[in-house]
Amino acid sequence: MHYTLCDLFSDLTQNAVEAGANSVTIVLMETDQAISLKIQDNGHGMNPQQLAQATDPFWTDGIKHPGRKVGLGIPFLIQTAESTGGTWNIESNHTGKTGTTVTCSFDLTNIDTPPIGDVTGFFRQILSFDGRYEMDIDFSAERGEIKCSANVKRSELLEALGLEEAGSFEDAGSLALLGRYLESLMEEYYG
Ligand SMILES: Nc1ncnc2c1ncn2[C@@H]1O[C@H](COP(=O)(O)OP(=O)(O)O)[C@@H](O)[C@H]1O
Ligand SMILES: [Mg+2]
């Protein structure tokens, strides 16, 4: 199976949640020509040395995934963007508690750019990571006459499903409902 842009986006968003963020903001914009993503978190951030290590493909903190010798998300972002005419940027602040902001964009007209993959599945996955966190997703897409935009907040979705107490979409039933809801929001574009 191909590693898609959405797989990459999902790994980068998981980093934000793993950094202890309780607030993660996602802005995804898509056209026929390009897709861009911004992930902003208020997690523990990285100091300049950690940031330099994170962009090195042969380095991982060895804590989150014991036994794994290499990190994947960030080096893959860099390699994919740089080999396909895309862009990437990571800003991180270790001391000011401003967390990390990752932005990237990909040229969909470049034949070497990986396929986008499943955007609805990406949203469903990042909304259902373990942990208590707020997540704000802003999606907009445009293809010719077709324009689609959606805004979802994790806390509101949990509340709508009566899961505020649980704090997560834990069972298969809620995950399926979440998936169907996201599909309905975006069916104008992907339907
Ligand atoms: N949003 C983030 N906030 C804080 N640290 C991060 C963030 N993203 C990445 N990192 C740091 O960079 C390292 C490398 O990330 P990544 O390339 O995804 O590999 P992995 O998650 O497998 O270690 C992480 O282990 C973590 O220490
Ligand atoms: Mg990672």
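Everything quoted here is computed from the prediction, not taken from an experiment.

## Points about the sheet that holds strand E2 (residues 34-41)
(1) Moving on: Read across the sheet, six strands follow the order E3-E4-E2-E1-E5-E6 without closing on themselves; strand pairing throughout is mixed. Because the sheet does not close on itself, it has two edges, and the strands there are strand E3 (87-93) and strand E6 (146-153). On average, each strand axis in the sheet is inclined to that of its neighbour by 5°, with strand direction left out of account.
(2) Moving on: As defined by bridge partners, E2 adjoins strand E4 (residues 99-107) across eight bridges and the pair is classed as antiparallel. Residue Ile-35 lies in a different strand from E4, and its bridge partner there is Phe-106.
(3) Moving on: Along the sheet, helix H3 (residues 73-83) contacts E3 and E4; its crossing angle with E3, the most-contacted strand, is approximately 150°.
(4) Moving on: Helix H6 (residues 172-190) contacts strand E1 (23-31), strand E5 (134-143) and E6 of the sheet and is inclined by roughly 160° relative to E6.

## Here we look at the pattern of salt bridges
(1) Moving on: Evaluated as defined, the whole model comprises three salt bridges.
(2) Moving on: Of the charged contacts, one joins Asp-32 and Arg-143 as a salt bridge, the two residues approaching to 3.8 Å between their closest N and O atoms. One end of the pair, Asp-32, is in the loop between E1 and E2; the other, Arg-143, is in strand E5, and 111 residues separate them in sequence.
(3) Moving on: Using a relative accessible area of 44% as the deciding quantity, one classes Asp-32 as partly exposed.
(4) Moving on: For Arg-143, a relative accessible area of 30% corresponds to the partly exposed category.
(5) Moving on: Where Lys-153 meets Asp-136, a salt bridge forms, and the shortest distance between an N and an O atom there is 3.2 Å. Taken as a pair, Lys-153 in strand E6 and Asp-136 in strand E5 lie far apart in primary sequence, 17 residues in all.

About the thresholds
- The residue numbering used here restarts from 1 in each chain and proceeds along that chain's sequence as written.
- Throughout, the order in which chains and ligands are written sets their labels, letters from A for the former and numbers from 1 for the latter.
- Under the rules for a predicted model, residues below a pLDDT of 70 receive no local features and side-chain atom pairs below 80 are neither given nor counted, while totals for whole chains, interfaces and linings still include all residues.
- With hydrogens and water set aside, each side-chain value is computed from the structure's full complement of heavy atoms.
- If DSSP finds at least two bridges between two strands, the strands pair.
- The secondary structure listing takes helices from DSSP runs of H or I that are at least 4 residues long and strands from runs of E that are at least 2 residues long, numbered from the N terminus.
- A fitted line through C-alpha atoms represents every axis, and for helices the fit uses only the stretch in contact; the resulting angles, taken between N-to-C directions, go from 0 to 180 degrees.
- By the convention used here, residues are in contact when the closest approach between their heavy atoms is within 4.5 Å.
- In what follows, salt bridge is the name for a side-chain nitrogen of Lys or Arg lying within 4 Å of a carboxyl oxygen of Asp or Glu.
- Residue exposure (1.4 Å probe, protein chains only): buried if accessible area is under 20% of the type maximum, exposed if over 50%, otherwise partly exposed.

Shape descriptors only; they carry no functional weight alone.
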